[in-house]
Amino acid sequence: MTTIRPSAVAGTFYPRGATVLAHDVEDMLAHPEGAPLARAPKALIVPHAGYIYSGPIAASAYAQLVPLRGRVTRVVLLGPAHYVPIRGLALPDADRFRTPLGEVTLDAEMMQRLETLPMVSRSAAAHADEHSLEVQLPFLQRVLGEFALVPLVVGEAAAADVAEVIEAAWGGDETLIVISSDLSHYLPDDRARAADEKTVSDIVALRPLGHRQACGATPVNGLLLAAQRHALRAVALDARNSSQTAGDPDRVVGYAAIAFVTDDDAADTAPPDDRGATLLQLARSAIGDAFGFETDPVERAPWLLQPGATFVTLTKKGALCGCIGSIEARRPLYDDVRENAVAAAFQDSRFRPLKPTEFELVHVEVSLLSPTEPITFTDEAGALAALRPHVDGVVFEYGRHRSVYLPQVWEQLPTPSEFLFHLKEKAGLPGKFWAPGVRLSRFTVAKWEEPAR
């Protein structure tokens, strides 16, 4: 039996009648701000107020999609929760969404794939009255025609979690990512313009937002991480507030239309073939700088400014003396390596801090992690069978218990049962512990180490 999520805000946020709605949308699309983009957008940020307030700004973004009709066949749509508090991201419990312009089919296969991620759940309640997603649909219906929809309401979540969901649904040219967000809320016109100007500047620079800057800061920040990872460039198309369309200048809401396109200079962000040597030099110089030694500086090349997750491992005469790292890519690779190197040298609680006299004796290893992906299993036997010895790094999670092993640990614990036993102990649980709530995810690494000194 087909489940349909009916329109919740037709007649309030936009016209209820199909003829009037289609006319209004077409009229707004015919008068966009900004010139046509030379490259097709991969992602958009659009506002979600009533059409008399934010519709013209949203149209400036959607007008860029007109040439993509028939090419974009999937839209991944994310917007903030306004009515039902949720943790993580919520998919609807429906097969179709209805607007006065017709029904939009949901992409069941993609939704099932996303539902395997730990931060994604189903919630009919979260979607029932949510306008941030619904108001985008008439625009998408008019410009794209037929497409499959993946709608996600975003609640309390880390930007990295949102980025992971976006990454899982990224696809190719057939997939468009749309983030629904307004900007400042209820400031006087002059203050709102200044605040929104900074917010748009932050987005174009791919800098994360605070929640006072945008109600959809969480999904926006997830997109910004994904944009950095894929070397996309943000282009501001339109930015206005409600006083410039239909509202009171003493209490306005800000809106922006922003497109994300392939960067013409993306090649500059590709890492060189000898990136390992650079990362090792970066780690060693960070430790040397902490001691006050004179070191050779490492240039902040564009590829080092892309998000990266690394572990820095220090050994002395073959014995471990520090190992600290990041699981998720939350900061530029340059900063991640330097900060993890310093932490491994001085802040690993298992070992005493490194001494200046040991600087030349210590051996540095840097591991660059791939994005994590969940491991699917139904019981411990299934989990053990899914592990790939000498390939997988593994993250173990149960409630507040969490631990990580790099793939290098397989050298000391070569069987899945040994590996998982000690991974549980590292998380502060008995090695024989098991419960239905256990979660495992995997990653791989590219590893470089210094030659013998």
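Residues numbered from 1 in each chain as written. Predicted model: local features only at pLDDT ≥ 70, side-chain atom pairs only at ≥ 80, totals over all residues. Heavy atoms only, no water.

**Student:** Which parts of the structure should I look at to understand the sheet that holds strand β1 (residues 4-5)?
**Tutor:** Adjacent strands of a sheet pair through backbone hydrogen bonds, lying either parallel or antiparallel. Taken together, three strands build an open sheet; the order of strands is β1-β5-β6 and the sheet is mixed. The two strands at the open ends of the sheet, each matched to only one other strand, are β1 and β6 (102-105). Relative to strand β5 (residues 96-99), helix α6 (residues 137-144) is tilted by about 95°, and along the sheet it contacts β5 and β6. (Pairing = 2+ DSSP bridges. Helix = DSSP H or I, 4+ residues; strand = E, 2+ residues; numbered from the N terminus. Contact = heavy atoms within 4.5 Å. Axes fitted to C-alpha atoms, helices over the stretch in contact; angles between N-to-C directions.)

**Student:** Got a minute to help me understand the sheet that holds strand β21 (residues 439-443) in this structure?
**Tutor:** Spatially, the four strands line up as an open sheet ordered β18-β21-β19-β20, and their pairing is antiparallel. The strands lining the two open edges of the sheet, one partner per strand, are β18 (373-374) and β20 (401-405). One ladder, built from five bridges, connects strand β19 (residues 393-398) with β21; its direction is antiparallel. In the sheet register, F396 faces β21, and the bridge partner there is L440. Helix α13 (residues 416-426) contacts β19, β20 and β21 of the sheet and is inclined by roughly 130° relative to β20.

**Student:** In this structure, what is going on with helix α3 (residues 108-115)? I would like to understand it.
**Tutor:** Helical periodicity: at 3.6 residues per turn, an α-helix aligns residues three or four positions apart in one direction. For α3, the full list of buried residues reads M110, M111 and L114. Taken around the axis of α3, the buried residues stretch over an arc of 100°, which confines them to a single face. Opposite its buried face, α3 presents the exposed residues E109 and Q112, each directed more than 90 degrees away. The secondary structure elements touched by the buried residues of α3 are β3 (74-80), β4 (89-91), β7 (120-122), β8 (148-154) and α7 (159-168). (Buried < 20%, exposed > 50% of the residue type's maximum accessible area, 1.4 Å probe, protein only. Arc of directions from axis to C-beta.)

**Student:** Whenever I open this one, the state of the cysteines confuses me. Can you help?
**Tutor:** Overall, the coordinates contain zero disulfides when judged by the stated rule. Of the cysteine sulfurs around C323, a residue in no disulfide, the closest is that of C321, at 10 Å. (Disulfide = S-S within 2.5 Å.)

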